[in-house]
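Read off the chains here:
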Amino acid sequence: MVVTASISGVFKTILMLLGAMVVLKYLGQLMVAKRNIAEQNRFREEQNIIQKQKAHFERNNGKISILRNVNPRNVKDVDYEEVK
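My aim in this report is to walk through the structure given alongside it, one point at a time. (Residues numbered from 1 in each chain as written. Predicted model: local features only at pLDDT ≥ 70, side-chain atom pairs only at ≥ 80, totals over all residues. Heavy atoms only, no water.)

## Examining the overall build of the protein
Then step 1. Across its full length, the protein carries one helix and zero strands.
Then step 2. Judged by the C-alpha coordinates and their principal axes, the protein covers about 105 × 30 × 25 Å.
Then step 3. Counting across all 84 residues of the protein, residues that qualify as buried make up 0%.
Then step 4. Separation between the mean location of the 14 positive side-chain charges and that of the 8 negative ones in the protein comes to 16 Å. (Helix = DSSP H or I, 4+ residues; strand = E, 2+ residues; numbered from the N terminus. Buried < 20%, exposed > 50% of the residue type's maximum accessible area, 1.4 Å probe, protein only. Lys, Arg positive; Asp, Glu negative; His and termini not counted. Charge placed at Lys NZ, Arg CZ, Asp CG, Glu CD.)

## Quick word on the pattern of salt bridges
Opposite charge on two side chains permits pairing when their charged atoms draw close.
Then step 1. Throughout the structure, instances matching the rule amount to one salt bridge.
Then step 2. E46 is the partner of R42 in a salt bridge, and the nearest nitrogen-oxygen pair spans 2.9 Å. Taken together, the residues R42 and E46, both in helix α1 (residues 7-59) and four residues apart, mark about one turn of the helix. (Salt bridge = Lys/Arg side-chain N within 4 Å of Asp/Glu carboxyl O.)

## Focus: a nonpolar patch on the surface
Then step 1. Taken together, V10, F11, I14, L15, L18 and M21 make up a surface patch of nonpolar side chains, about 590 Å² in accessible area.
Then step 2. With relative accessibility at 56%, the residue M21 sits in the exposed group. (Patch = residues over 30% accessible without salt bridge, like charges linked within 9 Å, V, L, I, M, F, W, Y side chains within 5 Å. Areas by Shrake-Rupley, 256 points an atom, 1.4 Å probe, with all protein chains shown as cover.)

## Notes on the environment of I14
Then step 1. One can find I14 in helix α1.
Then step 2. Counting along the chain gives 17 residues from I14 to M31, while the straight-line C-alpha distance between them is 26 Å.

What follows is the structure, given as structure tokens:
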């Protein structure tokens with residue numbers, strides 16, 4: 001079997017390979033950007049949760065709350081100290 005290669009066939013093959021490489025590079029950059037945006041959104045959500053917890057703590061600092069219907073395993077007893 002004799003295989004012959006033409007200049008135009010080699011040129012087309014090289015162009016297709018280069019085109020595939022460019023498309024893959026573009027898709028890679030697009031996927032990295034999408035991952036970065038998702039990570040940024042996750043970070044913002046975590047920061048919002050932390051800010052809400054801080055605000056809740058500052059609002060309720062020093063207040064006493066009575067817990068009802070709580071699992072006894074999760075409750076921690078605290079010793080008291082007499083104030084002189």
